[in-house]
Each structure stands twice: as structure tokens, then as C-alpha cells.
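A look at the structure
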Amino acid sequence: MPDVALPTLTATPLGPTIGARVSGVDLSRPLTPSVAAELEALLVRHQVLFFENQPLTPEQQRAFAASFGPLHIHPVYPNIPEVPEIMVLDTGPHNPSDNDVWHTDVTFVETPPAIVALSAKKVPPLGGDTLWASASAAYEALSEPLRVLLEPLKAVHDFSRSFPEWRHNGPGVHERWLEARAKNPIRVHPVIRTHPVNGRKALFVNDNFTAAILGLSPKESDFLLRFLFDHVARPEFTVRWTWKPDDLALWDNRSTQHYAVNDYLPHSRLMHRATVLGDRPV
Ligand SMILES: O=C(O)CCC(=O)C(=O)O
Ligand SMILES: [Fe+2]
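Now for a description of the structure that goes with this document. Keep in mind that what you see is a predicted model, and the values were worked out from it rather than measured.

Now for unusual backbone geometry. The peptide bond linking L265 to P266 adopts the cis configuration, its omega dihedral lying at 10 degrees. Relative to the assigned elements, P266 resides in the loop between β15 (256-260) and β16 (269-277). Located in the positive-phi region is Q47, a residue other than glycine, with phi close to 75 degrees. With a phi close to 50 degrees, V106 is a non-glycine residue in the positive phi region. Mapping V106 onto the fold places it in the loop between β5 (83-91) and β6 (113-122).

Right, here's the structure in full:
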């Protein structure tokens, strides 16, 4: 079948390091394999892609995300009951956001997400931006001796570091948490991971889930992790997006971190997320 969508797909970088705005594709319609492959190549290169004016139903967002692989259903966050692969982030005075921490999504599983698609449904009049950081640019900016030190290290990722029991005690909520805790034991991932598509190395520790680096003393581990969490967030490695309704951000969760700015109370904000599982980090 001739592919007419390809020539119109354009990506405009938003800075020297990370992020591009993409136009020329309608995400509500099934992607041809070649358009999906082209988008994935753009994603691996730019690490986060922004699409504007893409009103998607939950079913359409699920279908779009599923063109990149199997989807994850979040064990704790609310979702759309009929489309459980779509996670709902409904934040405001009733439920302040807890994503104002630099993090990579769902690193507490064996095969953390490769790709995440976040769609803006309702945005505050001002504020509520999201920032992404390139964990590969952050890795590349480290000195050679530090890179050599980090290379063989492995770290523990713990679901309950970001989802503590004490925050999950409402009716039905505690049961769901207990089940999630049982299904998500501690995982060990390399501190530096190699991207499965382009071979670029990236820091793979994050403040939400990485609890400790194996083999170091607790003080050494805390100190080094704190340095790495701060290092990834340096403005040089970041891009910031101000949302409009129906914007969609697609990020490479293997090589980035993100931070949702929590500056819009008493207004509220509604986002839908679809999460594509990836490979075991190596
Ligand atoms: O709401 C946002 O901007 C991002 C929230 C977040 O961390 C996520 O969807 O993974
Ligand atoms: Fe996130």
C-alpha cells in the first residue's frame, strides 16, 4: 500500500539537546507500519516528541500507543474502567500531583516502559508545564573517571519508595496497594543502561524508585544517588512544554526523566497516559 503520510511528517527540534515538535500525522487514525517506524526513529533521536491538536478518545490513545508494543496497566493509579490501559492523572486541590519529582516511569518492573504517551485533556490557565531531561546527555557530560566508576554498578528500584503504604489507606485503596506490593518486588537494574535501538548510554537511576546502589555503603549510595538525581535535572539537559488541550507528548522512557510542575492550585489539570512496556535494561 503506498504510504502517503510519510512526506508530510516533520520534526522541528525545540533545543540542541532534547525535544521536537512533530506535525503531519493524525494520531487518531491507525498508523501504517512505516509511519510508526518513522515516529519511533524520531523518538529515539529527539527523546520526547510533541504533537498538537490531537484530540484522542481513550480507545484511540490506546490504539496509538499499542502500535509501539504491549501496554502496561498501572497497579496503583486510577484508570478508565473500560480502557484500563489509559491511566488518569486528575490533579487539583482535591488531589495534588505527586509527579513533581524527577523520575522515569515504572522502573520498579523487570521490563520498564520503553515509550509513554501523555495526552492533555484539561489544563490550568497558567502553569502545569512538564519538563523532560535527557539521561543520555547527562551521562555523556560526566567525567571519564566517574563514568568508569558507574559502568559496572547496579541499583535497587523499589515500588514503595514512590508509593508508600501510608499514602494508600482509603477503602479499597489499601487492598489494591497490598496486591501491587506483592506483585512488584524489589528489582535490580544497571545504573548505566545502553539504549536497545541506538546503543547510546544513559543514566538509569531516578528519585522516585531508585533506593540504593548495590555494593556501596548506605552513605556512599545516598551521596552518589543524590548527585546523579541533581545532575540529570541540570537545565542544559532539559526541555519544557506548556500544555494546551489535546497536546500529546510521546517520550522515550529508556533515556529520559520528567518532572510535572506543581504550580497551578487551586486550578485542576487532567491528563491521560498510555504506557508501552520495554526490554529488560542492560
Ligand atoms: O502530568 C504530567 O505532566 C506528567 C505526569 C507523569 O509523571 C506521568 O504521566 O508519567
Ligand atoms: Fe511520570
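Next comes the rest of the description.
Looking now at helix α7 (residues 218-232). With 15 residues, α7 should reach 21 Å at 1.5 Å per residue; the first-to-last C-alpha distance of 21 Å fits that figure. S221, L224, L225, L228, F229, H231 and V232 are the residues of α7 that are buried. In a view along the axis of α7, the buried residues occupy a sector of 160 degrees, so they form one face of it. Looking at α7, the residues exposed on the side facing more than 90 degrees away from the buried face are K219 and F223.

For the rest of this paragraph, the subject is the nonpolar core. Ranked by size, the top nonpolar core spans 29 residues in total, and within it L39, F51, F64 and L250 carry the most contacts. Every element with two or more residues in this core is listed here: β2 (20-23), α1 (33-46), β3 (48-51), α2 (58-66), β5, β6, β14 (248-252) and β16. Among the elements that make up this core, the one with the highest residue count is α1 (five residues). Once you skip the residues sitting within four places of it in the chain, F51 turns out to touch V22, V25, L27, L39, D246, D247, L248 and L250.

Turning our attention to the sheet that holds strand β12 (residues 210-213). An order of β9-β8-β12 is seen for the three strands of this open sheet, with the pairing classed as antiparallel. The open sheet terminates on both sides in strands that have one partner only, identified here as β9 (187-190) and β12. Across the sheet, the mean angle separating the axes of adjacent strands is 35 degrees when strand polarity is ignored. Where strand β8 (residues 154-157) meets β9, four bridges bridge the pair, whose relative direction is antiparallel. Its bridge partner being in β9, K154 is matched across the sheet by P190.

Calculation rules
All residue numbers refer to position in the chain's written sequence, counted from 1. The naming scheme follows written order: chains are lettered A onward, ligands numbered 1 onward. Two thresholds apply to this predicted model, a pLDDT of at least 70 for residue-level local features and 80 or more for giving and counting side-chain atom pairs, whereas whole-chain, interface and lining totals are computed over all residues. The side-chain figures draw on all heavy atoms in the structure; neither hydrogens nor water molecules are used. Secondary structure elements follow DSSP: runs of H or I no shorter than four residues count as helices, runs of E no shorter than two count as strands, and numbering proceeds from the N terminus. The span you would expect from a helix comes to 1.5 Å times its residue count less one. Burial classes: relative accessible area under 20% of the type maximum marks a residue as buried, over 50% as exposed, and values in between as partly exposed (1.4 Å probe, protein chains only). This arc describes the spread of directions from the helix axis toward the C-beta atoms. Think of a nonpolar core as a cluster: buried Ala, Val, Leu, Ile, Met, Phe, Trp, Tyr and Cys residues, connected wherever their side-chain atoms sit within 4.5 Å. Whether two residues touch is decided by their heavy atoms; if any such pair falls within 4.5 Å, the residues are in contact. When DSSP finds two or more bridges between two strands, those strands count as paired. Lines fitted to C-alpha atoms define the axes, with helix axes restricted to the stretch in contact, and inter-axis angles between N-to-C directions lie between 0 and 180 degrees.

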